Amino acid sequence: MYLSILIFPLLGSFVSGLLGRKIGVTGAHIITCTCLIISSILATLAFYEVGLCGSPVSVHLSTWLESEILSVQWEFLFDQLTVSMFIPVLYISSLIHIFSTNYMAEDPHNQRFFSYLSLFTFFMLVLVSGANYFVMFVGWEDLIGVVSYLLINFWFTRIQANKAAILALTMNRVGDMGLSIGFFALVALLGSLNYSTLFSLAPFMNSTAIDIIGLLLLSGAMAKSAQIPLHSWLPGSMEGPTPVSALIHAATLVTAGLYLLVRSSPILEYSSTALLVITLVGASTAFFAATCGLVQNDLKRIIAFSTISQLGYMVMAVGQIQYNVALMHVVNHAFFKALLFLGAGAVIHSFSDQQDVRRLGGLINFLPFTYTAMLVGTLSLLATPWLTGFYSKDLIIELAFAQYSFEGTFAFILGSLTAGLTAFYSFRLISLVFLTKPNGPKISYLHSHEATLAVIIPLFVLALFSIFFGFVFSDLFVGIGTDFFGNSIFIHPNHITMVEAEFSMDRIVKLLPTILSLLGAVLAVYLYHFTPNLFFMESPITRKIYAFLNGKYLFDVIYNHYFIGRGLQLGYFISKVLDRGVIEFVGPYGLSNTLSQTGINIGKLDTGVITTYSLYITIGLLSLVFLVFSPILLDNSILNENRLFIIYIATLLFTLYPNQK
């Protein structure tokens, strides 16, 4: 049953991709959706058996590498962490497949699109179910990386889609390089890539070595989960179809980095330096993305920056040594963020593919169900009490304060401010799209209407999860004293602060994020719905701040100028100077040219003049005498007479190269 969870999406992908002409568009829809639904049902059974009944399963397929003490296996592990990741991945992927049957109905490449979607789901399942870092890296690097490029670049005739896909692929390779070095270090130090072996030996590793390995693992997670400074690819990847955005940026690709950190908890627990850096990176990313989201005008990009901000919360929770809370927020976020993306797709699809929020407005009367669904997702994103996001997002902020340390206070302050900013730009989106006066063309409003059941059903199911999932599963995942995750997550007893966060904090501290969220939401509705002209102030300072935030802190400018530009200049220098200069001079061409020129110069010695020949004979005798009596000439008393050597060398050069000037 467990391997069938992986096989069904792969089977659907192969049938849709390789037999697309045989089965047709409808056949591709039916087969891929059916395979994903079956996998979801099996994943639910696996969650019951492994998670609730506490029966982890390991499946060994074959041996990939056997070299002395190093043994790498094709092996899959289905423990509590794995089956917990299966739930959002498979549920959301199934709903996105159903949603796409309507959203992509007019696209001429339906079979290819559904093949890519199912293949991506399969590779994500391989990543989270691998029993060692090798299997995880196969899904991480070779499979997810390639298919994410294909999905972002699905509309490959668009230049911006090409650029976004290349940026995503190359920036992820930067993090993957660090991750690869970290795996090599693990093999060099411990001789294994198996989770069980590595995690049992982690307490005995050198502190410096485990700090370096922890930071290298973080570099891989920073690229996949779009943390500063490897975040630039995620907003650009909105060039792909909206179902791709929902799948990649809600439940799969961006959560792979968080899964890596949570899975590596036994290593990170013994690296205080890595945990400190993780906290600072996560808190900074959350605040940075929230400030950038304030001024975005593209509907999908606003939600994309919200994704980066929430990923910052998750990384921050890992840095606060609350891996179960981080995983809870991964699952919660997957549901309400997929709801927001699919709701945005429904708006775009019904309104002539318009994505600029300034050209929308008044859609509450035309798309009431979509408005309701997006409002539910937004309220859950804001951690409204008793909705899904409340049980993980606010808990992360409280746990940061309960650390009573510099990094904890830093994370608490930025996390609280980010909560207010998130509420502001989220309700800014709601106001500009649904509540304000209509700003689009009349013909778009005349053709705007709710979509079919293929769109309504996924939105309705995701809305239910966004409301009830956190309430139902919070005690199981993050409740005090819960042992749901067993040995799949390791938290040192000295690092348990859940009781402190729950019962020992001041009420005002616990309510601060909620108060700031409420203020941000009210301010956004007031500025953009009731008095929209107040926001557009003409002061130079406001314009500079707006330009700075709209330019995303000028990260792209710095990358293009100092990294890409200077890199191209260095490459030009190497190709023009080193390749065609130094390498040719000392390489085969230079060697053959030198030998040929030396032969020509030696040939010029044949002058036919007897006095020249006598000079050659004399020089030859002097050379022979020099070689015979060199031990005496090199005596310390004569060694200082450099003039003898200078005269001899000069005479030899003038003889060999008589015509050189």
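Residues numbered from 1 in each chain as written. Predicted model: local features only at pLDDT ≥ 70, side-chain atom pairs only at ≥ 80, totals over all residues. Heavy atoms only, no water.

An unreviewed UniProt entry lists the chain under the name NADH-ubiquinone oxidoreductase chain 5, with Ganoderma meredithae given as the organism. Quoted straight from UniProt, the Subcellular location (unreviewed entry) entry for the chain says "Mitochondrion inner membrane". Reading the Sequence similarities (unreviewed entry) entry of the UniProt record for the chain gives the comment "Belongs to the complex I subunit 5 family." (UniProt positions renumbered as here; feature names shortened; annotations may be inferred.)

Undergrad: Sorry, what's going on with the overall build of the chain here?
TA: For the chain, the helix and strand inventory stands at 29 helices and 2 strands. Here the C-alpha radius of gyration of the chain, 33 Å, is well above what a compact globule of 661 residues would show, namely 26 Å. Oriented by its inertia axes, the alpha-carbon framework of the chain measures out at about 110 × 60 × 60 Å. Burial statistics for the chain: of 661 residues in total, 52% are counted as buried. Considering only contacts in the chain between residues 6 or more positions apart, those separated by 24 or more positions represent 80%. Only carbon and sulfur atoms are counted for the fraction: they give 69% of the accessible area of the chain, which is about 29300 Å². (Helix = DSSP H or I, 4+ residues; strand = E, 2+ residues; numbered from the N terminus. Rg over C-alpha atoms; globule rule 2.2 N^0.38 Å. Buried < 20%, exposed > 50% of the residue type's maximum accessible area, 1.4 Å probe, protein only. Contact = heavy atoms within 4.5 Å. Areas by Shrake-Rupley, 256 points an atom, 1.4 Å probe, with all protein chains shown as cover.)

Undergrad: Sorry, what's going on with the side chain of H333 here?
TA: Inspection of the secondary structure assignment puts H333 in helix α15 (residues 323–350). Overall, the relative accessible area of 0% leaves H333 in the buried class. Sequence-distant contacts of H333, defined by excluding residues within four places in its chain, comprise H249, A250, T307, Q310, M314 and A338.

Undergrad: Whenever I open this one, the pattern of salt bridges confuses me. Can you help?
TA: For side chains bearing opposite charge, pairing can occur when the charged atoms are close. Counting across every chain of the model gives 8 salt bridges. The residue D176 makes a salt bridge to K224 at a minimum N-O spacing of 3.9 Å. Here D176, found in helix α6 (residues 159–190), pairs with K224, found in helix α8 (residues 207–224); they are 48 residues apart in sequence, far enough to count as distant. With respect to class, D176 is no different from K224; both count as buried. With its nearest N and O atoms 3.7 Å apart, the salt bridge here joins R301 to E239. (Salt bridge = Lys/Arg side-chain N within 4 Å of Asp/Glu carboxyl O.)

Undergrad: Where do I start with unusual backbone geometry in this structure?
TA: In terms of backbone geometry, most residues other than glycine have negative phi values and most peptide bonds are trans. Residue P229 follows I228 across a cis peptide bond; omega there is 5 degrees. Position of P229 among the secondary structure elements: in the loop between α8 and α9 (233–236). Look at K552: it is not a glycine, yet its phi comes out positive at around 55 degrees. Within the secondary structure, K552 sits in the loop between α23 (540–550) and α24 (555–586).

Undergrad: Any chance you could explain the environment of V357 here in plain terms?
TA: If you trace the backbone, V357 turns up in the loop between α15 and α16 (368–381). On the accessibility criterion, V357 (0% relative accessible area) is buried. Along the sequence, V357 and D298 sit 59 residues apart, while their C-alpha atoms lie 6.2 Å from each other. Excluding residues within four positions of it along the chain, V357 makes contact with N297, L299, I302, L432 and V433.

Undergrad: Is there a simple way to explain the packing of helix α11 (residues 253–263) against helix α14 (residues 299–319) in this structure?
TA: Relative orientation and spacing of two packed helices are given, respectively, by the angle between their axes and the distance between those axes. Between α11 and α14, the shortest axis-to-axis distance is 10 Å and the interhelical angle comes to 0 degrees. The pairing of α11 with α14 is recorded here as roughly parallel in orientation. In this structure, α11 contributes V254, L258, L261 and V262 to the contact, and α14 contributes T307, L311, M314, V315 and V318. (Axes fitted to C-alpha atoms, helices over the stretch in contact; angles between N-to-C directions. Parallel < 35°, antiparallel > 145°, perpendicular 65-115°, else oblique.)

Undergrad: What should I look at first to understand the UniProt feature "domain: NADH-Ubiquinone oxidoreductase (complex I) chain 5 N-terminal" (unreviewed entry) in the chain in this one?
TA: Here the UniProt-annotated "domain: NADH-Ubiquinone oxidoreductase (complex I) chain 5 N-terminal" (unreviewed entry) positions come out as residues 64–114. Summarising residues 64–114: 57% helix, 25% strand, and an end-to-end C-alpha distance of 31 Å.

Undergrad: Help me understand the packing of helix α3 (residues 80–103) against α11 in this model?
TA: Axis separation between α3 and α11 bottoms out at 11 Å; the angle between their running directions is 165 degrees. Put simply, α3 runs roughly antiparallel to α11. Crossing of α3 over α11 shows right-handed handedness. Contacts between α3 and α11 involve L81, T82 and M85 from the first element and T255, Y259, V262 and R263 from the second. When its residues are assigned to classes, the contact of α3 with α11 shows 4 nonpolar, 2 polar and 1 charged. (Left-handed = near helix turned anticlockwise from the far one by under 90°. Nonpolar A, V, L, I, M, F, W, Y, C, P; charged D, E, K, R; others polar.)

Undergrad: Would you mind showing me how to read the packing of aromatic side chains here?
TA: In this description, a pair of aromatic rings is defined by centroid distance and the angle of the planes. Per the stated rule, a full pass over the model turns up 41 aromatic pairs. On the numbers, 6.5 Å between centres and 90 degrees between planes, the contact of Y116 with F154 is edge-to-face. With Y116 in helix α4 (residues 110–129) and F154 in the loop between α5 (133–152) and α6, the pair connects residues that are 38 residues apart, well separated along the chain. The pair formed by Y116 and F154 is uniform in burial state, with each residue classed as buried. An aromatic cluster is defined as three or more aromatic residues linked by ring pairs; in this entry it consists of F47, Y91, F335, F465, F469, F473, F477, F484 and F485. (Phe/Tyr/Trp six-rings, centres within 6.5 Å; stacked < 30°, edge-to-face > 60°.)

Undergrad: Mind showing me how you'd approach the side chain of S264 here?
TA: Locating S264 in the fold gives a position in the loop between α11 and α12 (265–268). Residue S264 is classed as buried on the basis of its relative accessible area, which comes to 1%. Among all residues touching S264, those that are not within four sequence positions of it are Y133, F199 and L217.

Undergrad: Is there a simple way to think about the pairing of strand β1 (residues 57–67) in this case?
TA: Regular strands place their side chains on alternate faces of the sheet. Of the strand pairs in this sheet, β1 and strand β2 (residues 70–78) are connected by 9 bridges, and their pairing is antiparallel. Bridge pairing in β2 places L65 opposite V72. Hairpin remark: β1 followed by β2, antiparallel, with 2 residues in the connecting loop; positive phi at E68, about 50 degrees. (Pairing = 2+ DSSP bridges.)

Undergrad: How should a nonpolar patch on the surface be read in this particular structure?
TA: Judged by side-chain polarity, F548, L554, V557, I558, Y562, F563, I564 and L568 come together as a nonpolar surface patch covering roughly 800 Å² of accessible area. Take the nonpolar patch: its biggest share by element is 6 residues, from α24. Considering the arrangement of structural elements, one finds F563 in helix α24. Take F563: its relative accessible area is 53%, and that puts it in the exposed class. (Patch = residues over 30% accessible without salt bridge, like charges linked within 9 Å, V, L, I, M, F, W, Y side chains within 5 Å.)

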